[in-house]
Amino acid sequence: MRFHKRLLRAEPSFRLMAKLWRISWLYVLLICALAGVGYVTLYSAAGGVPYPFAAPQAARFAVGLVLMVTIAMLPPHLLMRASWGMYALSLVLLVAVLHMGHVGKGAERWLMIGGLQVQPSEFAKIALVAVLATWFSRMDYARMGNPLWLIPPAFMVLVPVGLVLKEPNLGTAVIIGGIGASLFFTAGMRLWQIILLILPLPSLVQFAYGHLHDYQKARITTFLHPENDPLGAGYNIIQSKIALGSGGMWGQGYLHGSQGQLNFLPEKQTDFIFTMIAEEWGFIGASAVIALLVLLIMGGMIMAIRCRNRFGRLIALGISMNFFFYCLVNLSMVMGAIPVGGVPLPLVSYGGSAMLNVMLGFGLLLSTWVHRDTRLDESNSRMA
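Let me sum up the structure you'll find in this document. All figures in this text were calculated on a predicted structure; none of them were measured in a lab. (Residues numbered from 1 in each chain as written. Predicted model: local features only at pLDDT ≥ 70, side-chain atom pairs only at ≥ 80, totals over all residues. Heavy atoms only, no water.)

1. A word on the overall build of the protein
Stage number 1. In terms of regular secondary structure, the protein is built from 17 helices and 3 strands.
Stage number 2. Among the 384 residues that make up the protein, the fraction classed as buried is 48%.
Stage number 3. When the accessible surface of the protein is totalled, it reaches about 18,500 Å², and 71% of it is carbon and sulfur. (Helix = DSSP H or I, 4+ residues; strand = E, 2+ residues; numbered from the N terminus. Buried < 20%, exposed > 50% of the residue type's maximum accessible area, 1.4 Å probe, protein only. Areas by Shrake-Rupley, 256 points an atom, 1.4 Å probe, with all protein chains shown as cover.)

If you want it as structure tokens, here you go:
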């Protein structure tokens, strides 16, 4: 009897250790490898010294790693309850940034909180994934066929998109919309509903273009004809293409990239950091980094498939799609495939707000894997 009581007292510790064991440490290793790529590239971007980029980034990653593992321990029912508070907080921060935000490069995107610069739009993406996963996990297939049940989640997507556009931050607004669309699709939208949503898109694009800021229209014009203003609006993308091409197959060597080390490459520590990788490590090195990004995305998709509860599947899918859109927009931007949008490469580009929010997202993703066999009660899977 005493032995049985001792076992019961030891159960919480045993459960914690069991959860730690269930974390996909291979996936964590891939995350650390990508952050390591970011560290060595930021070290090079600073001219071969750890400050001001590499060392602060490493410290932020260490904090993010602790945050990620802590969140991975949280059970899905607790995350479901917390999702509404996260979403409400994200809207409050987005409204606050419009009234008291720090202005940088013509936009209000940052808040100063406790001496730290925080970008609420990054947190809004994670909060949106959590709240949509909670909403759709409580809807059965029949309710998904009723358009009335899709109106509330549609507003959940449109409100943060509108607030981010007001900053203005077109690139992040597009990513938020893409995340919302992917969750709508995988939650079980009917084909006819998808067609109805697609039909007005050309008119909406035309309307949106008419309300873009002058600098945003200039980015589109520069994307189409960068050579028209090689020393002005077209400078960034022209220098990016030169750096990408100059790397060749094997690269110019670490700390020896001509465009990066001679400061011809703009924003080399943030938006255009991938061009430094391609210049110094060549096609082989750039391909290896892309392969690492693909492994992280595919790993998240596998976690979504293996999860037995709908909430976890949607969370894993949403976080994976967020990471995918991050990578897609940044890589397409630096290669000149889309207009420059100011979206960083996750875990590689310098930036505290993006780093911590990406790690927050990975924590939610790993939580779905740790609790992949958890089956939520029927009361938690249907709309009240």
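Read on for the rest.
2. Description of the side chain of Thr275
Stage number 1. When you line up the elements, Thr275 lands in helix H14 (residues 273-306).
Stage number 2. In this structure Thr275 comes out as buried when scored by relative accessible area, which is 0%.
Stage number 3. With near-sequence residues (within four places) excluded, Thr275 lies in contact with Ser240, Ala243, Leu244, Leu265 and Val334. (Contact = heavy atoms within 4.5 Å.)

3. Regarding the packing of helix H4 (residues 76-100) against helix H7 (residues 151-165)
Stage number 1. At a minimum axis separation of 9 Å, H4 and H7 run at an interaxial angle of 25°. Considered as vectors, H4 and H7 are oriented roughly parallel to each other. For the pair H4 and H7, the crossing hand works out as left-handed. Residues Trp84, Tyr87, Leu91, Leu94, Val95 and Leu98 of H4 touch H7, and the partners they reach there are Phe155, Met156, Val159, Pro160, Leu163 and Val164.
Stage number 2. Taken together, the residues of the contact of H4 with H7 break down into 12 nonpolar, no polar and no charged. (Axes fitted to C-alpha atoms, helices over the stretch in contact; angles between N-to-C directions. Parallel < 35°, antiparallel > 145°, perpendicular 65-115°, else oblique. Left-handed = near helix turned anticlockwise from the far one by under 90°. Nonpolar A, V, L, I, M, F, W, Y, C, P; charged D, E, K, R; others polar.)

4. So, H14
Stage number 1. Taking 1.5 Å as the rise per residue, H14 with 34 residues should run 50 Å; its terminal C-alpha atoms sit only 34 Å apart, a clear shortfall.
Stage number 2. Considering bend angle alone, the principal kink of H14 is centred on Gly282 and spans about 130°. (Expected span 1.5 Å × (residues − 1). Bend = angle between axes of the 7 residues up to and from the residue.)

5. Quick look at the pattern of salt bridges
Stage number 1. All told, the structure shown has 3 salt bridges when counted by the stated rule.
Stage number 2. The salt bridge involving Arg308 is made with Asp373; its shortest N-O contact spans 3.5 Å. Highlighted residues: Arg308 in the loop between H14 and helix H15 (310-334) and Asp373 in the loop between helix H16 (352-370) and helix H17 (378-381), separated in sequence by 65 residues.
Stage number 3. Under the relative-accessibility criterion, Asp373 is labelled partly exposed at 38%.
Stage number 4. Taken together, the salt bridges that share partners define one network made up of Arg22, Arg308 and Asp373. (Salt bridge = Lys/Arg side-chain N within 4 Å of Asp/Glu carboxyl O.)

6. With respect to the side chain of Gln119
Stage number 1. In this structure, Gln119 sits in the loop between strand E3 (116-118) and helix H5 (120-137).
Stage number 2. Once residues within four sequence positions are removed from consideration, Gln119 is found in contact with Arg109, Trp110, Asn169, Ser353 and Asn357.

7. Considering the nonpolar core
Stage number 1. Of all hydrophobic cores here, the largest spans 101 residues; its most connected members are Ile31, Phe136 and Phe362.
Stage number 2. Ranked by residues supplied to this core, first place goes to H15 with 15 residues. (Core = buried A, V, L, I, M, F, W, Y, C linked by side-chain atoms within 4.5 Å.)

8. A few points about H7
Structural remark: α-helix, 3.6 residues per turn; residues separated by three or four positions point the same way.
Stage number 1. When the terminal C-alpha atoms of H7 are compared, their 21 Å separation across 15 residues agrees well with the 21 Å that a helix rising 1.5 Å per residue should span.
Stage number 2. Of all the positions in H7, only Pro153, Met156, Val157, Pro160, Val161, Leu163 and Val164 are classed as buried.
Stage number 3. In the core, the buried residues of H7 are packed alongside H4, H5 and helix H8 (170-187).

9. Considerations on the environment of Trp84
Stage number 1. Along the chain, Trp84 falls in helix H4.
Stage number 2. Its relative accessible area of 35% is what places Trp84 among the partly exposed residues.
Stage number 3. Residues Trp84 and Leu132 lie 48 residues apart in sequence; the distance between their C-alpha atoms is 9.5 Å.
Stage number 4. Apart from the residues within four sequence positions on either side, Trp84 is in contact with Val131, Thr134, Trp135, Arg138 and Met156.

10. Regarding the packing of aromatic side chains
Stage number 1. In this structure the tally under the stated criterion is 7 aromatic pairs.
Stage number 2. Geometrically, the ring pair formed by Tyr27 and Phe362 is edge-to-face, given 5.9 Å between the ring centres and 75° between the ring planes. Separated by 335 residues along the polypeptide, Tyr27 in helix H2 (residues 25-45) and Phe362 in helix H16 bring together distant segments of the chain.
Stage number 3. When its relative accessible area of 2% is taken as the criterion, Phe362 is described as buried.
Stage number 4. With 5.5 Å between their ring centres and 50° between their planes, Phe323 and Phe362 make a pair best called tilted. (Phe/Tyr/Trp six-rings, centres within 6.5 Å; stacked < 30°, edge-to-face > 60°.)

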